[in-house]
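Take a look at the letters that make up each chain.
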Amino acid sequence: MSNDGPTPLERFVQGIIPENPVLRQVLGICPTLAVTNTMEGAMTMTGAVLFVLVCANVLISLIRGMLKPHLRILVFTLTIAAFVTVADRLLAAFMYDMSKQLGPYIPLIIVNCIIIARCEICAAKQGVWTAFSDAVGQSLGFGLALGCIATVREVLGFGTWFGKWLGWHVIPASIPTDVWSPWVIMVLPPGAFLTLGLLLGATNWMTARTKKA
Amino acid sequence: MKKQNYIADAWLVILLSLLFGGGLAGVQASLKPRIDANKLGDTLSQIPALVPGSTRGEKADAGEAVVYKALDAAGATTGWVIPASGQGFADRLELLIGLDATGGRITGLYVLDQKETPGLGDNITAKAWRDQYAGKATDKPIVVRKTKPEAPNEIQAITGATISSDSVTAIANAAVAKFRTDLAGGGIH
């Protein structure tokens, strides 16, 4: 195993906040916008990405010595597509409702840039453990960002948090509609853009403040 | 300079393709029964809610068409459930329509699959809206109104989702009409 490059622990920590795939690298924006109107959708997407990213990173790291530079992207795509298909079938078999709700966004993980970026940046250059902890760290970072957006959108849009799985009403259903009614816009695509934009702005603002201090 | 050999260069890609192809075929073969059972289970589990008095359902013998028979605890036919699909506002809608034993009255309607606008068109899945279809006679097509229904064959559209409301109704009307013809012709057992 080579000694250059970040250690497994560094890779893991980097993925969560300092190099957060959504908030810092601004990758994987399609699923970030599309599936975050409920926490269930966001967490199922995170689980699927975790599975695909861990499998792809570990496999690419194992075969990194055999990769030809001009064919590496082809191998990455092939590997990712295979694991995404497995994830899609598993969801259809064991979480049928979520599979129906997420629809095309599970197969679309194939074109999620986070995964191919991790294969290129980390797995094709570093050992299996580093690649594994990198995959877990990046997936947790992805889940954190999706969870933040989904929390804002589901609470304001439906008044619930994990409404379908746990049935938590953050805003009691008994509140009369002339006092508060769900913000339909938060469930629709504009709600995703607004929330993501404000979250990105907040992250940048906090980074700027930390640097000054 | 060494001559390029493309096949030798690509051996890893070829090997991985074969391995992944085989692996995926295995995954599909082992999970397919479960996935199909999920789809059928989703349909059958709606039957008691769609046809009052029924406790379970089974596939009916209807030639080319797919029709489910609703049965009560004693095994007598209490009604029929027909799957129907067509274009909605955003994507294909898949519906289940419950009918009584003679096919003369709609007993319920359920949306199996839809991708209508969240917050507006997806209200077609709301029970309160779908329940408008229950009890409608099937000799006249159902008509969608934007205001409070007056005639017995009318239902009220969802505010902001007229196309979704119209689509559900049109799909249901067409499917019911076809089913009535088939049933009258003795094609369904």
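In the block above lies the structure referred to throughout.
Calculation notes
Residues numbered from 1 in each chain as written. Chains lettered and ligands numbered in written order. Predicted model: local features only at pLDDT ≥ 70, side-chain atom pairs only at ≥ 80, totals over all residues. Helix = DSSP H or I, 4+ residues; strand = E, 2+ residues; numbered from the N terminus. Rg over C-alpha atoms; globule rule 2.2 N^0.38 Å. Contact = placed C-beta atoms within 7 Å. Nonpolar A, V, L, I, M, F, W, Y, C, P; charged D, E, K, R; others polar. Buried ≥ 20, exposed ≤ 12 C-beta atoms within 10 Å, placed from the backbone. Pairing = 2+ DSSP bridges.

Peer 1: I tried to follow the overall build of chain A on my own but got confused; where do I start?
Peer 2: Counting its regular elements, chain A contains nine helices and two strands. Listed N to C, the secondary structure of chain A is α-α-α-α-α-α-α-β-β-α-α in terms of helices and strands. Against the compact-globule benchmark of 17 Å for 213 residues, chain A has a radius of gyration of 19 Å, which places it among compact chains. Over its C-alpha atoms, taken along the principal directions, chain A stretches across nearly 65 × 50 × 25 Å.

Peer 1: Help me understand the interface of chain B and chain A, please; the structure alone is not making it clear to me.
Peer 2: A common way to express how large an interface is: the accessible area buried when the components associate. Each partner contributes to the interface: chain B provides 20 residues, whereas chain A provides 21 residues. Among the elements that line the side of chain B that touches chain A, the one with the most residues is helix α2 (residues 11-50) of chain B, at 14 residues. Across the side of chain B that touches chain A, the residue classes break down as ten nonpolar, five polar and five charged.

Peer 1: Would you explain the environment of Gly103(A) in this entry?
Peer 2: Residues and elements named next belong to chain A. With respect to the helices, strands and loops of the structure, Gly103 is situated in the loop between α5 (96-102) and α6 (113-123). The class for Gly103 is partly exposed, based on 14 C-beta atoms found within 10 Å. Taking the C-alpha atoms as reference points, Gly103 and Ile121, 18 residues apart in sequence, are found 30 Å from one another.

Peer 1: Before we go on, may I ask you to explain the pairing of strand β5 (residues 106-113) of chain B in this structure?
Peer 2: Looking down a regular strand, the side chains alternate between one sheet face and the other. Residue and element names in this part refer to chain B. Across the eight residues that make up β5, a large majority, six, are buried. Relative to β5, strand β4 (residues 92-100) runs antiparallel, the two sharing six bridges. Directly across from Gly98, in β5, lies its bridge partner Gly108. Hairpin connection of β4 to β5: five residues between the antiparallel strands, including Gly103 at a positive phi of 75 degrees.

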